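Structural overview
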Amino acid sequence: MTKVVATKSRAGSYCLDEQVGFMLRQVSQRHTAIFAEKIGCDLTSMQWAVLSKLREIGATSQNQLGRATAMDVATVKGVVDRLTARGLTHIALDPDDARRRLVDLTPKGRALVDAHVEEAHAISDETLAPLTAAERKTFMSLLAKLR
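So, here is what we can say about the structure in this document. All values derive from a computational prediction rather than experimental measurement. (Residues numbered from 1 in each chain as written. Predicted model: local features only at pLDDT ≥ 70, side-chain atom pairs only at ≥ 80, totals over all residues. Heavy atoms only, no water.)

Let us look at the side chain of Thr69. Within the element layout of this structure, Thr69 appears in the loop between helix H3 (62-68) and helix H4 (73-85). A relative accessible area of 13% places Thr69 in the buried class. Of note is the side chain of Thr69, whose polar atom sits 2.8 Å from the backbone oxygen of Leu65. If sequence neighbours within four positions are ignored, Thr69 has contacts with Ala49, Val50, Lys53 and Val76. (Helix = DSSP H or I, 4+ residues; strand = E, 2+ residues; numbered from the N terminus. Buried < 20%, exposed > 50% of the residue type's maximum accessible area, 1.4 Å probe, protein only. Polar contact = N/O pair within 3.5 Å; in protein donor to acceptor, adjacent residues only side chain to side chain. Contact = heavy atoms within 4.5 Å.)

Inside soluble globular proteins, nonpolar side chains tend to come together where they are buried. The biggest cluster of nonpolar side chains holds 22 residues, and the ones touching the most others in it are Leu43, Trp48, Val50, Leu51, Leu65 and Leu83. Of all the secondary structure elements, the ones that give two or more residues to this core are helix H1 (20-38), helix H2 (45-57), H4, strand S3 (97-105) and helix H5 (107-127). Apart from residues no more than four positions distant in its own chain, Leu43 is found in contact with Phe35, Trp48, Leu51, Leu83, Arg86, Leu88 and Leu112. (Core = buried A, V, L, I, M, F, W, Y, C linked by side-chain atoms within 4.5 Å.)

Bringing the pattern of salt bridges into the picture now. Counted by the stated rule, this structure contains eight salt bridges. Among the ionic pairs, Arg100 bridges to Asp94, the shortest N-O distance being 2.8 Å. The residue Arg99 makes a salt bridge to Asp97 at a minimum N-O spacing of 3.0 Å. A relative accessible area of 76% means that Arg99 is categorised as exposed. The class for Asp97 is partly exposed, based on a relative accessible area of 21%. (Salt bridge = Lys/Arg side-chain N within 4 Å of Asp/Glu carboxyl O.)

These figures capture arrangement, not role.
Structure representation (structure tokens):
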């Protein structure tokens, strides 16, 4: 006689609160709220990403900037256009390829990034505040692995 083993359906045991995507979205929403409260310079997190990446790598093509900040072509263009309208970035044609647009910080943009680096660190610190120092290191390492 064959023994039949009953298995519980995974569908019936699904709990949204335990799902990685849901938890990551909640953490992201918490981080976004902390960012909005603390940045103090009327920037979105995506605008900050563009400005801080330009400060880190210097002038670059809009396409490369999008890849470096994990933004699609249309999104990075919109962000750069808004920052340019505020006088924080400027766009120039690449002298080696007139089809390419190079994006860079203006002196005003560079000063803004430099003036808000401490707030940016404080935002990360507050986001990670519930974790011990060892947990923070592990968490960041695991996030990098999931990228």
